[in-house]
Amino acid sequence: LGLGLYGFGFRHNDALRPVSTLKTRIVQIKRLPAGDAVGYGRAGKLTRPTTTATIPIGYADGLDRHLGCGRWSVLVAGQPAPIVGRVCMDSCMIDITDIPGVKEGDEVSVFSPVPGNDLETMARVLDTISYEIMTSVSGRVKRIYLKE
């Protein structure tokens with residue numbers, strides 16, 4: 001069954017629906033002025049006053065480094081929040097400036113079944129396949145299995 005257990009391949013089989021989600025929580029919020037930079041090598045140059053949130057997931061957890069610098073947006077309160085700067089080993093920063101009411105501890109969806117936040121879209125951004133992304137999620141990431 002392979003990835004079919006997680007509902008992937010659903011574009012080729014209407015009987016499948018994606019069920020896998022990678023979530024984390026916001027651990028820190030900062031307000032930064034325009035002109036500041038964020039992340040390794042100061043790669044995330046801020047062109048406006050920006051509110052960033054740090055999330056504790058990075059490339060050691062399987063979040064591909066190529067998703068940094070705005071190439072991928074996570075979901076916060078159902079709204080896209082782009083990754084600012086480079087993905088770090090254990091964390092990354094996201095831009096939550098335009099999402100009102102966000103606070104530390106709020107849930108963040110790195111990928112989910114939501115269109116635009118799904119593995120198929122992430123795979124296109126990375127020029128790979130969803131299977132590679134699923135198998136890249138590190139063993140140190142806690143798994144929770146739910147049964148309907």
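In this text the structure is predicted, and so the values were computed from the model without any measurement.

Draft legend 1. Here's a closer look at the sheet that holds strand 7 (residues 79–84). Taking strand neighbours across the sheet as the criterion, the seven strands line up as 1-9-6-7-8-5-2 in an open arrangement whose pairing is antiparallel. Looking at the sheet topology across the chains shown, the edges are occupied by strand 1 (22–25) and strand 2 (28–32). Neighbour to neighbour, the strand axes of the sheet diverge by 35° on average, direction disregarded. Inspection of the sheet shows strand 1 paired to strand 9 (residues 107–111) by four bridges, in the antiparallel sense. Paired with lysine 23 across the strands is serine 109, a residue of strand 9.

Draft legend 2. Quick peek at the nonpolar core. Within the largest apolar cluster, 30 residues are counted, with the highest numbers of intra-cluster contacts made by Val74, Val76, Ile94, Phe111 and Met122. Secondary structure elements with two or more residues in this core: strand 5 (50–55), strand 6 (73–76), strand 7, strand 8 (92–95), strand 9, helix 1 (119–126) and helix 2 (130–136). Counting residues per element, this core draws most heavily on helix 1, which supplies four residues. When sequence neighbours within four positions are dropped, the list of residues in contact with valine 76 reads Ile26, Ala81, Ile94, Ile96, Ile99, Val102, Glu107 and Val108. Counting residues in hydrophobic clusters, the runner-up holds six residues, among them Leu32, Val38, Leu46 and Cys88.

Draft legend 3. Focus on the pattern of salt bridges. Counting across every chain of the model gives seven salt bridges. The salt bridge partner of glutamate 107 is arginine 25, with a shortest N-O separation of 3.8 Å. Pair noted here: glutamate 107 is in strand 9 and arginine 25 is in strand 1, with a separation of 82 residues, a long-range link. A residue is classified by how much of its surface remains accessible, and glutamate 107, at 36% relative accessible area, is partly exposed. Of the residues examined, arginine 25 reaches a relative accessible area of 45% and is grouped as partly exposed. Across the pair arginine 48 and aspartate 98 runs a salt bridge whose closest N-O atoms are separated by 3.1 Å. With arginine 48 in the loop between strand 4 (44–45) and strand 5 and aspartate 98 in the loop between strand 8 and strand 9, this pair connects stretches of sequence that are 50 residues apart.

Draft legend 4. Quick look at a nonpolar patch on the surface. Residues Tyr40, Tyr59 and Met89 make up a contiguous nonpolar surface patch of roughly 270 Å² in combined accessible area. By the element assignment, tyrosine 40 lies in the loop between strand 3 (37–38) and strand 4.

Draft legend 5. Focus on the pairing of strand 7. Alignment of strand 6 against strand 7, held across four bridges, turns out to be antiparallel. For valine 76, the partnering residue across the bridge sits in strand 7 and is glutamine 79. Between strand 6 and strand 7, which pair antiparallel in sequence order, lie two residues; one of them, alanine 77, sits at a positive phi of approximately 55°. Pairing between strand 7 and strand 8: two bridges, direction antiparallel. Residue pairing for strand 8: valine 84 is matched across the bridge by methionine 93.

What counts as what
Residues numbered from 1 in each chain as written. Predicted model: local features only at pLDDT ≥ 70, side-chain atom pairs only at ≥ 80, totals over all residues. Heavy atoms only, no water. Pairing = 2+ DSSP bridges. Helix = DSSP H or I, 4+ residues; strand = E, 2+ residues; numbered from the N terminus. Axes fitted to C-alpha atoms, helices over the stretch in contact; angles between N-to-C directions. Core = buried A, V, L, I, M, F, W, Y, C linked by side-chain atoms within 4.5 Å. Buried < 20%, exposed > 50% of the residue type's maximum accessible area, 1.4 Å probe, protein only. Contact = heavy atoms within 4.5 Å. Salt bridge = Lys/Arg side-chain N within 4 Å of Asp/Glu carboxyl O. Patch = residues over 30% accessible without salt bridge, like charges linked within 9 Å, V, L, I, M, F, W, Y side chains within 5 Å. Areas by Shrake-Rupley, 256 points an atom, 1.4 Å probe, with all protein chains shown as cover.

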